[in-house]
Amino acid sequence: MKRGHVPIRTCRSCRNKAPGHELRRFILKEGRLVEDARQGYGLYCCPTRECQTKLLTRLRKQKVVRADKEDGSIE
Ligand SMILES: [Zn+2]
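Residues numbered from 1 in each chain as written. Predicted model: local features only at pLDDT ≥ 70, side-chain atom pairs only at ≥ 80, totals over all residues.

## Brief notes about unusual backbone geometry
Backbone phi values are negative for most residues with the exception of glycine, while trans is the configuration of most peptide bonds.
Part 1 of the argument: Positive phi is not limited to glycine here, since R15 has a value of about 65°.
Part 2 of the argument: The topology assignment puts R15 in the loop between β1 (8-10) and β2 (17-19). (Helix = DSSP H or I, 4+ residues; strand = E, 2+ residues; numbered from the N terminus.)

Written as structure tokens, this is what we have:
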């Protein structure tokens, strides 16, 4: 018998696929990655600093990080 379904998550940095419990879950908060928060938009990433740094760099390029700063101020 198979045991319960294990959800596979994809690292948003290197696209490595792994069971959810092997990756860390982050949310973006004030332009930073905050680990293990159970709210907001979750991003999965490998538990290595290297991968997390790459992820944050990528998100900044995509302007995802900036989105939570846009309070109507223009430059
Ligand atoms: Zn990764």
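## Points about the pairing of strand β3 (residues 24-29)
Part 1 of the argument: Where β3 and strand β5 (residues 43-45) come together, 3 bridges link them in antiparallel fashion. By the bridge assignment, F26 is partnered in β5 with L43.
Part 2 of the argument: Sheet topology note: the β3/strand β4 (residues 32-35) ladder contains 4 bridges and is antiparallel. Paired with F26 across the strands is E35, a residue of β4.
Part 3 of the argument: Between β3 and β4, which follow one another and run antiparallel, lie 2 residues, and E30 among them has a positive phi close to 50°. (Pairing = 2+ DSSP bridges.)

## Observations regarding the sheet that holds β4
Part 1 of the argument: The sheet built from 3 strands is open, its strands ordered β4-β3-β5 with antiparallel pairing. The strands lining the two open edges of the sheet, one partner per strand, are β4 and β5. Each adjacent strand pair in this sheet contributes to an overall mean axis angle of 45°, direction not counted.
Part 2 of the argument: Contacts from helix α1 (residues 49-61) reach β3, β4 and β5 within the one sheet, and its direction differs from that of β5 by about 140°. (Axes fitted to C-alpha atoms, helices over the stretch in contact; angles between N-to-C directions. Contact = placed C-beta atoms within 7 Å.)

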